[in-house]
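Below, each chain spelled out in residue letters.
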Amino acid sequence: MIPPLSLLPSGTLHRDVMASIVVFLVAVPLCVGIAVASDVPAELGLVTGIVGGLVVGVLPGSSLQVSGPAAGLTVLVYEAVHTHGPAVLGVVVLSAGILQVALSAMRCGRWFRAISVTVVQGMLAGIGLVLIFGQAYTLADSAAPSGGLEKIGGLPRLVADIVSGGAARSAFAVGTGTVLVLVLWKRMTGRFSRMLPAPLAAVALATAAVAVSGLPVATVEVRGVIESVQPPGLGDFFLLGEVAVLGTVAAFALIASAESLFSAAAVDRMHDGPHTDYNKELMAQGAGNAVCGMLGALPMTAVIVRSTANVQAGACTKLSRVLHGVWLLLFAALLPATLGIIPVAALAGVLVHAGAKLLPVRQLGPLWREYRGEAVILIVTSLAVVVTNMFEGVLLGLLLAVVKTAWETSAIHVVVDDGASPRIGVRMTGSATFLRLPEILDPLEALPHDRPIELDLSGLQHLDHACRTALTGWAQQHNEAGVEPVRVRIPPSASA
């Protein structure tokens with residue numbers, strides 16, 4: 001819980017208040033941009049940010065990480081809304097939140113740390129690619145095709161539209177200008193550039209440029225917070241009878257939980273304060289998503305960009321993230337009309353930049369040199385997310401990770417001792433699993449039938465049913481043609 005303000009040292013209070021303002025300024029363009037990219041009202045992004053501050057902010061778990069709508073779930077939200085309709089969003093987010101709370105009650109939070117980091121990196125890289133390809137069209141105020149391959153295939157036509165001039169070129173100039181400001185802003189050394197977050201500065205400059213020049217670009221559609229909030233009705237919950245919707249719920253819960261807890265681990269390394277209780281943080285994220293679902297808002301995760309800004313701004317307690325929710329609430333209540341002057345292309349530029357930061361460009365080279373199998377999993381997962389969807393791409397990545405691990409842990413060594421004695425000795429060590437059957441059977445089937453054979457399996461750590469059956473079958477075939485039965489030594493400890 002947050003300590004009473006009277007118990008906070010004055011220096012701590014001042015640092016938390018200033019940090020909350022920084023996080024608020026970072027959150028506004030990201031909340032709005034993620035909502036627009038998800039094809040839901042812009043105000044719903046602010047609602048999720050408010051819940052992340054006022055609900056998750058006061059709950060136990062992590063002290064300094066900040067929650068809100070995340071770019072990592074943009075693709076999944078867009079697919080859910082377009083596949084099942086806007087009414088499904090509240091149902092899915094509420095159900096995902098309840099599932100997260102249930103996982104926390106079963107103390108499953110720590111098990112999310114067992115998810116392959118490479119799969120998560122591949123998932124984020126795939127999301128980054130989808131964001132880049134999808135928002136490239138929004139940069140030019142053009143409608144994006146539905147599928148990942150269609151987005152890639154439509155890029156030549158998009159380039160032709162931009163080159164031909166008109167509104168597409170104007171919007172593209174605004175969007176690319178936003179990306180350029182984001183890239184160069186942190187390289188500036190002035191005090192002003194350090195105080196003003198790059199996303200806010202880029203969007204503000206783009207908005208001012210459009211207002212002054214009168215460029216014909218699309219701006220954010222403003223509906224009002226009250227009008228945008230649409231809680232799910234009782235009839236909407238019948239959608240949970242569809243297998244596809246249940247799969248979306250599982251994807252929301254698992255991906256949001258993994259992203260939040262990975263973010264918590266990263267934030268814990270940035271400060272010396274209390275570290276995250278993973279089960280309590282999972283409970284807090286579930287409670288936040290349940291509230292967002294009841295309001296029909298976007299799903300939330302802990303967001304590394306806002307969390308990093310919070311830590312770097314000097315936050316000391318949970319007060320900073322709660323206050324950031326208060327500032328978002330005041331902004332949504334008092335200044336919602338200001339959203340209507342923001343160019344959509346500028347928000348697309350923010351998301352293109354965010355998508356590019358999800359690509360592990362620098363890590364891929366060393367990973368390929370040192371752990372080539374992990375690099376393959378990362379690449380395949382990211383491409384699968386682009387070609388299919390996030391849920392199927394992550395499932396494929398997890399399957400590859402499991403197969404790779406099974407292959408590596410089932411190493412088997414077969415040593416044939418064809419010495420001077422008439423009997424041939426064959427000794428196996430390691431783990432005998434079905435993945436290694438060719439390596440096991442090939443040398444055995446090559447042995448002569450006119451000499452006695454002793455098969456020593458006492459060095460095996462594991463002997464699965466498939467290998468036991470295959471070895472029994474080989475021994476029977478050899479005994480039918482051999483000079484005497486095969487002697488087999490199987491240790492009692494070898495599990496099947």
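Now for a look at the structure at hand. Position numbers for residues count from 1 along each chain, tracking the sequence in the order it is written. For a predicted model such as this one, the threshold for reporting local features is a pLDDT of at least 70, and the threshold for listing and counting side-chain atom pairs is 80 or more; totals across whole chains, interfaces and linings nevertheless cover every residue. Working from all heavy atoms in the structure, the side-chain values ignore hydrogens and water.

**Section: the overall build of the protein**
Within the protein, the regular secondary structure consists of 21 helices and 6 strands. Based on the C-alpha atoms only, the size of the protein along its principal axes is roughly 95 × 65 × 55 Å. When the 496 residues of the protein are sorted by exposure, 49% land in the buried category. Residue contacts follow a heavy-atom distance rule, with two residues in contact if any of their heavy atoms lie within 4.5 Å. For the protein, the proportion of contacts with a sequence separation of at least 24, taken over those separated by at least 6, is 80%. Shrake-Rupley sampling with a 1.4 Å probe provides the accessible areas, and residues are treated as covered by the protein chains on show and by no other component. Carbon together with sulfur atoms contributes 66% to the accessible area of the protein, which is approximately 22,500 Å² in total. Helix and strand definitions here come from DSSP, where helices need a minimum of 4 consecutive H or I residues and strands a minimum of 2 consecutive E residues; each element is numbered from the N-terminal end. Categorising residues by exposure relies on relative accessible area from a 1.4 Å probe, with only protein chains included: less than 20% of the type maximum marks a residue as buried, more than 50% marks it as exposed, and the intermediate range marks it as partly exposed.

**Quick look at the packing of aromatic side chains**
The pairing test for Phe, Tyr and Trp rings, Trp by its six-membered ring, is centres within 6.5 Å, and the orientation test on the planes gives stacked under 30 degrees, edge-to-face over 60, and tilted for anything in between. For the coordinates displayed, the defined rule picks out 1 aromatic pair. Ring centres 6.2 Å apart and planes at 65 degrees place the aromatic pair Phe-24 and Phe-331 in the edge-to-face group. With Phe-24 in helix 1 (residues 10-37) and Phe-331 in helix 15 (residues 319-334), the pair connects residues that are 307 residues apart, well separated along the chain. Per residue, the accessibility class of Phe-24 equals that of Phe-331, and both read buried. For a ring to carry a charge above it, either NZ of a lysine or CZ of an arginine must fall within 6 Å of the ring centroid while also lying within 35 degrees of the normal to the ring plane. The ring centre of Trp-407 lies 3.6 Å from the NZ or CZ of Arg-436, which sits over that ring.

**Side note on empty space enclosed by the protein**
Buried and open spaces are told apart on a 1 Å grid over the protein atoms alone, a cavity being a set of points where a 1.4 Å probe fits but cannot get out and a pocket being an open set with protein on both sides within 12 Å along at least five of seven lines. Residues with an atom within 4 Å of a point are the lining residues. Grid points are joined across faces, edges and corners, and a volume is the space filled by probe spheres set on the points. Considering all chains together, one arrives at 1 cavity of 30 Å³ or more under this definition. The volume enclosed by the largest cavity comes to roughly 40 Å³. Every residue lining the largest cavity is listed: Ile-34, Ser-38, Pro-69, Ala-70, Leu-73, Thr-74, Val-77, Leu-298 and Pro-299. By the convention adopted, Pro, Cys, Tyr, Trp, Phe, Met, Ile, Leu, Val and Ala count as nonpolar, Lys, Arg, Asp and Glu as charged, and the other residues, Gly among them, as polar. Class assignment of the residues belonging to the lining of the largest cavity gives a composition of 7 nonpolar, 2 polar and no charged.

**Let's talk about the pairing of strand 4 (residues 424-432)**
Following DSSP output, two strands are said to pair if at least two bridges run between them. When strand 3 (residues 412-417) meets strand 4, the two strands line up antiparallel, connected through 6 bridges. When the sheet's bridge partners are listed, Val-416 is paired in strand 4 with Val-426. Read from strand 4 through helix 20 (residues 437-445) to strand 5 (residues 453-463), the crossover connection turns out right-handed. For crossovers, right-handed means that the path from the first strand over the helix to the second runs clockwise, given strands pointing away from the viewer.

**Concerning the sheet that holds strand 4**
Strand order in the open sheet formed by 4 strands is 3-4-5-6, and the pairing between neighbours is mixed. The open sheet is flanked by strand 3 and strand 6 (487-489), the only strands paired with a single partner. Averaged over all pairs of adjacent strands, the angle between their axes in this sheet comes to 15 degrees, without regard to strand direction. As paired elements, strand 4 and strand 5 share 8 bridges and run parallel to each other. The residue bridging Ala-432 from the neighbouring strand is Leu-463, located in strand 5. Only the stretch in contact is used when a helix axis is fitted, and all axes are lines through C-alpha atoms; the angle between N-to-C directions ranges over 0 to 180 degrees. Along the sheet face, helix 20 touches strand 3, strand 4 and strand 5 and points at about 10 degrees away from the line of strand 3.

**Digging into helix 20**
Among the residues of helix 20, Ile-440, Leu-441 and Leu-444 are the ones counted as buried. Axial view of helix 20: buried residues confined to an arc of 80 degrees, hence all on one face. Taken from the helix axis, the directions to the C-beta atoms give the arc we talk about.

**A few points about unusual backbone geometry**
One non-glycine residue with positive phi stands out, namely Arg-107, at about 60 degrees. Exposure remark for Arg-107: the relative accessible area of 55% places this residue in the exposed category. Residue Asp-141 is not a glycine yet carries a positive backbone phi of 55 degrees. Within the secondary structure layout, Asp-141 lies in the loop between helix 5 (117-139) and helix 6 (148-153). With a relative accessible area of 30%, Asp-141 lands in the partly exposed category.

**Observations regarding the environment of Phe-262**
Along the chain, Phe-262 turns up in helix 12 (residues 243-268). Counting along the chain gives 145 residues from Phe-262 to Val-117, while the straight-line C-alpha distance between them is 8.8 Å.

**What about the side chain of Ser-20?**
Position of Ser-20 relative to the elements: it lies in helix 1. What makes Ser-20 buried here is its relative accessible area of 0%. Under this definition, polar contacts are N or O atom pairs within 3.5 Å; protein pairs additionally need one hydrogen-donor-capable and one acceptor-capable atom, and for neighbouring residues in sequence, both atoms have to be side-chain atoms. A distance of 2.6 Å separates a polar atom in the side chain of Ser-20 from the backbone oxygen of Val-17. Not counting the four nearest positions on each side in its chain, Ser-20 is found in contact with Ser-320, Leu-323, His-324 and Trp-327.

**Here's the deal with a nonpolar patch on the surface**
On the surface, Trp-368, Val-376, Ile-379 and Leu-383 cluster together into a nonpolar patch covering about 320 Å² of accessible area. Along the chain, the position of Trp-368 falls in helix 17 (residues 361-370). For patches, a residue must show more than 30% relative accessible area and have no salt bridge; joins then use 9 Å for like charges and 5 Å for nonpolar side chains, namely Val, Leu, Ile, Met, Phe, Trp and Tyr. What makes a salt bridge here is a side-chain nitrogen of Lys or Arg within 4 Å of a carboxyl oxygen of Asp or Glu, nothing more.

**Comments concerning the nonpolar core**
Only buried residues count toward a nonpolar core. Its members are Ala, Val, Leu, Ile, Met, Phe, Trp, Tyr and Cys residues joined through side-chain atoms within 4.5 Å. Core analysis: the biggest nonpolar cluster contains 44 residues, and Val-40, Val-77, Phe-252 and Leu-298 have the highest contact counts within it. Per-element tally for this core: the top contributor is helix 12, with 7 residues. Ignoring anything within four residues of it in the chain, the contact list for Val-40 reads Ala-35, Val-81, Leu-89 and Leu-298. Counting residues in hydrophobic clusters, the runner-up holds 26 residues, among them Ala-27, Leu-46, Ile-50 and Ala-309.

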